[in-house]
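Per-entry structural report
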Amino acid sequence: MNDGGSIAQSMWRDRYVSGNPNSADLSYSTYLVKNRFIANFSYRKEYLDHLGTTFSLFYQLQDGPRYSYTYGGDLNYDGLSGNDLIYIPNSKAEIALVGDNAQDTRTADQLWSQLNGYINQDNYLNAHRGRYAKRNALVGKMIGTLDIRIAQDVFLNTSGKKHQLQITFDVFNFGNMINKSWGVAQFANKANGILNYKGLNAQGQPTFSFPYLDATNQIPLTNTFSNSVDETSRWRIQLGVRYRFNQ
């Protein structure tokens with residue numbers, strides 16, 4: 001019902017609701033990782049009395065982050081903005097669409113065509129038309145990463161004590177080093193504020209805008225996810241040196 005917080009007020013403030021801000025709706029935790037697979041392999045060989053080499057692999061495949069589809073603005077007038085879950089329209093008749101600002105000259109038909117196209121390509125939205133989106137129900141695409149490590153040990157026993165010098169070579173996200181399309185995480189282009197509440201029209205109906213992905217260049221939102229370009233989606237190399245003595 002809540003993701004937790006330091007005080008009751010923050011728990012109430014930071015959860016997404018569909019209408020009633022005091023409803024206790026059961027939904028998914030922000031940090032839920034429903035599907036995760038981990039595999040680990042390590043092999044060590046000692047030789048020449050003073051050398052040892054260890055080769056290790058670590059593979060992880062898991063769900064991406066969770067997102068909530070919410071309105072921009074304060075639809076239910078609870079004093080909070082961006083915490084109201086959207087209603088997913090079945091048809092143009094179920095939503096009154098207007099431009100996002102004075103520079104947005106798209107007609108209602110154009111807006112619905114773009115919004116409907118976006119809903120169609122989004123597996124979650126398309127499967128839940130005619131219902132409110134659930135909290136944290138949009139799940140990022142699964143990502144698999146492979147890390148490798150080679151550790152070279154040089155050790156010496158003197159006076160009953162073991163001294164060891166270890167040099168390590170790590171490659172994080174090794175698959176991405178081989179193929180730039182592998183090991184790339186994705187993020188939601190726009191979940192919060194997918195629709196902006198613009199007030200009531202002359203008939204007393206709430207109106208909404210479907211914002212551009214890039215308002216400056218008037219590029220519409222067409223895809224749920226985009227590839228991440230942060231550090232976790234790039235391969236990295238790390239070298240390490242460690243000296244252990246008096247073991």
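Just above, that's the structure.
Residues numbered from 1 in each chain as written. Predicted model: local features only at pLDDT ≥ 70, side-chain atom pairs only at ≥ 80, totals over all residues. Heavy atoms only, no water.

**Overview of the pairing of strand S1 (residues 36-47)**
As a reminder of what qualifies: In this analysis, strands are considered paired if DSSP registers two or more bridges between them. Counting from the N terminus, the helices are the DSSP runs of H or I reaching at least four residues and the strands are the DSSP runs of E reaching at least two.
The pairing of S1 with strand S2 (residues 51-62) spans twelve bridges and is antiparallel. When the sheet's bridge partners are listed, phenylalanine 37 is paired in S2 with leucine 61. Between the antiparallel neighbours S1 and S2 lie three residues, among them leucine 48 with a positive phi of about 55°.

**Looking at the pairing of strand S10 (residues 192-200)**
Here three bridges tie strand S4 (residues 70-72) to S10, and the two strands are oriented parallel to one another. Each residue of the ladder has a partner; that of glycine 72, found in S10, is asparagine 196. In terms of strand pairing, S10 meets strand S11 (residues 206-209) through four bridges, oriented antiparallel. Looking at the pairing, asparagine 196 lines up with serine 209 of S11. Here S10 folds back onto S11 in antiparallel fashion, the turn holding five residues, of which glycine 204 has a positive phi close to 80°.

**So, the environment of proline 220**
Basically, it comes down to this: Partly exposed describes any residue whose relative accessible area lies between the buried limit of under 20% and the exposed limit of over 50%, with all areas from a 1.4 Å probe on protein chains only and scaled to the type maximum. By definition, residues are in contact when any of their heavy atoms lie within 4.5 Å.
Its location among the elements puts proline 220 in the loop between S11 and strand S12 (225-227). By relative accessible area, proline 220 is classed as partly exposed at 28%. When the C-alpha positions of proline 220 and glutamine 62 are compared, they lie 30 Å apart, and in sequence the two are 158 residues distant. Filtering out sequence-adjacent residues up to four positions away, proline 220 remains in contact with Gln114, Tyr212 and Leu213.

**A closer look at the side chain of arginine 129**
Stated formally: Note on charges: Lys and Arg go in the positive column, Asp and Glu in the negative column, and His and the chain ends are not counted at all. Counted as salt bridges are all cases of a side-chain nitrogen of Lys or Arg within 4 Å of a carboxyl oxygen of Asp or Glu.
Among the structural elements, arginine 129 can be located in the loop between helix H3 (123-127) and strand S6 (138-139). Glutamate 94 provides the closest opposite charge to the buried, salt-bridge-free arginine 129, at an N-O distance of 7.3 Å. When neighbours within four sequence positions are excluded, arginine 129 is seen to be in contact with Ile88, Pro89, Asn90, Trp112, Asn116, Ile119 and Asn120.

**Some remarks on helix H2 (residues 108-121)**
Given 3.6 residues per helical turn, the α-helix brings residues three or four places apart onto the same face. Stated precisely, the cut-off is as follows: Between the first and last residue of a helix there are one fewer steps than residues, each counted as 1.5 Å, and that sum is the expected span.
Under the 1.5 Å per step criterion, the end-to-end length of H2 is 20 Å for 14 residues, consistent within 8% with the ideal 20 Å. Where H2 is buried, its residues meet strand S5 (96-97), H3 and S10.

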